[in-house]
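Chain by chain, the residues:
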Amino acid sequence: MTVLTSTTQPSGAVDRGDEEPVRHLTLFNHPGYHGLVAPAEDRRRVDHHVDGRLIGSWTGTVVDDGLVSGHSAPMGGPDAVSDDAPLPEVEGLVDLALTRWRDEGLRSVETKARSGAWSTADRHVVQALLSRGSRVTTAHLCHQIPLCHLDGTDAWISTLSKRYRTYVRRSVEMIEVAPASTEAEWLAAHDTLRRNKARKDREMALTPAAMLGTRQAFPDQVRMLVVRVEGDIVAAALTYLVRPGIELLVNWGDREHDLPTSPMPGLMWHMVRRGLDEGVRWLDLGISSEADGTPNHGLAFFKTRFGATTELRLDLTLEL
């Protein structure tokens, strides 16, 4: 992987190898993830330092004659060390990276930006990219449940309508939920998710091998909850702890069943409870739109009924 560094102004490239800290990198920007989806010669990373202090990093993958930040991932973009990184520091990181990639001869930078709800730094990233001429290629609706101000699942349930409070309680009473532990459980859960998509005429993009590979690379961050009724798997949820305090719902769904109520509200309750127990600030439920950004109104309505706020997640392209 190519790693670049700078003081307050862009300077020469320095290969920092594997010594550079990576704790600030979102899972999809981590070298462990990039190693699963791209050859080493196509990976890029720019680190920005001011007076010896690491401000942040921007990683990506060279595809044809451009760079994609978020290649084979739902999101990418620059990672600041501090969630409250001021705009000038974020701009310095963006400018350094763009200069390097322009000098390398790359013609464009595509960035799958993150929700601005996550942090001030993430909002600064979007502002910096837009102000430098990036155009919005896709605007996705995304939804996340804010857990940072809740003191328990009862507090979350109290934010729901009476009707949905009833749905949640009935569903919780009906199901048993536990993390998948064995490979067989992971594969059975994947099959549940695949069949759920097939019912909607959609394909499961994440293959079983890719899922298990990501789990092996990030055993503490890649998790699968399995839902059973009378011992049979009826639903599952794959989530990634993509950075401290942020859990992303990557995929979830249920099988065909004749249960008196859906297992999904109860599964949501279990995800909220686990998040609260672990200090998760945002439970990100992912996008609620199609690949071209067209809103999925039913999905958006479903998520907001369970206390999720609505944000934008932008795909941005900058011609260099």
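In case you missed it, the structure is sitting above this.
Residues numbered from 1 in each chain as written. Predicted model: local features only at pLDDT ≥ 70, side-chain atom pairs only at ≥ 80, totals over all residues. Heavy atoms only, no water.

Enquirer: For the layout of surface pockets, give the residues involved together with the corresponding values.
Expert: For the largest pocket, the calculated volume is near 1500 Å³. Looking at the largest pocket, it is lined by 45 residues, and the ones nearest its centre are K197, A205, V250, N251 and I287. Of all the secondary-structure elements, those providing two or more residues to the lining of the largest pocket are α1 (31-37), α6 (183-199), α7 (208-217), β11 (246-254), β12 (282-287), α9 (297-305) and β13 (309-319). Class assignment for the residues of the lining of the largest pocket results in 22 nonpolar, 12 polar and 11 charged. Roughly 190 Å³ of internal volume is contained in the second largest pocket. Considering the residues around the second largest pocket, the lining is formed by 14 residues, among which Q221, L241, V242, R243 and P244 are closest to the centre. (1 Å grid on protein atoms, 1.4 Å probe; cavity = no way out; pocket = protein on both sides within 12 Å on 5 of 7 lines; lining within 4 Å. Points joined across faces, edges and corners; volume = space filled by probe spheres on them. Helix = DSSP H or I, 4+ residues; strand = E, 2+ residues; numbered from the N terminus. Nonpolar A, V, L, I, M, F, W, Y, C, P; charged D, E, K, R; others polar.)

Enquirer: Describe empty space enclosed by the protein, naming the residues involved and giving the relevant values.
Expert: Scanning all chains against the criterion turns up one cavity of 30 Å³ or more. The space that makes up the largest cavity amounts to roughly 40 Å³. G76, G77, A113, R114, D122, V125 and V126 together form the lining of the largest cavity.

Enquirer: Hey, could you go over the nonpolar core for me, with residue numbers and the actual values?
Expert: Ranked by size, the top nonpolar core spans 30 residues in total, and within it I145, W156, W252, L267, M268 and M271 carry the most contacts. In terms of residue count, the dominant contributor to this core is helix α8 (residues 264-278) (six residues). Once residues lying within four places of it in the same chain are set aside, the contact partners of W156 are I145, L150, V168, M268, W269, V272 and F306. L193, V222, M224 and Y240 belong to the second largest nonpolar core, which has 26 residues in total. (Core = buried A, V, L, I, M, F, W, Y, C linked by side-chain atoms within 4.5 Å. Buried < 20%, exposed > 50% of the residue type's maximum accessible area, 1.4 Å probe, protein only. Contact = heavy atoms within 4.5 Å.)

Enquirer: Could you give an account of the packing of aromatic side chains, naming the residues involved and the relevant values?
Expert: Under the criterion given, the structure shown has seven aromatic pairs. Aromatic side chains W58 and W101 sit 5.0 Å apart centroid to centroid with 65° between the ring planes, which places their arrangement in the edge-to-face category. Of this pair, W58 sits in strand β3 (residues 53-63) while W101 is found in helix α2 (residues 87-103), placing the two residues 43 residues apart along the sequence. We note that W58, like W101, is buried. Pairwise contacts between aromatic rings join Y164, Y167, W252, F302 and F306 into one cluster. (Phe/Tyr/Trp six-rings, centres within 6.5 Å; stacked < 30°, edge-to-face > 60°.)

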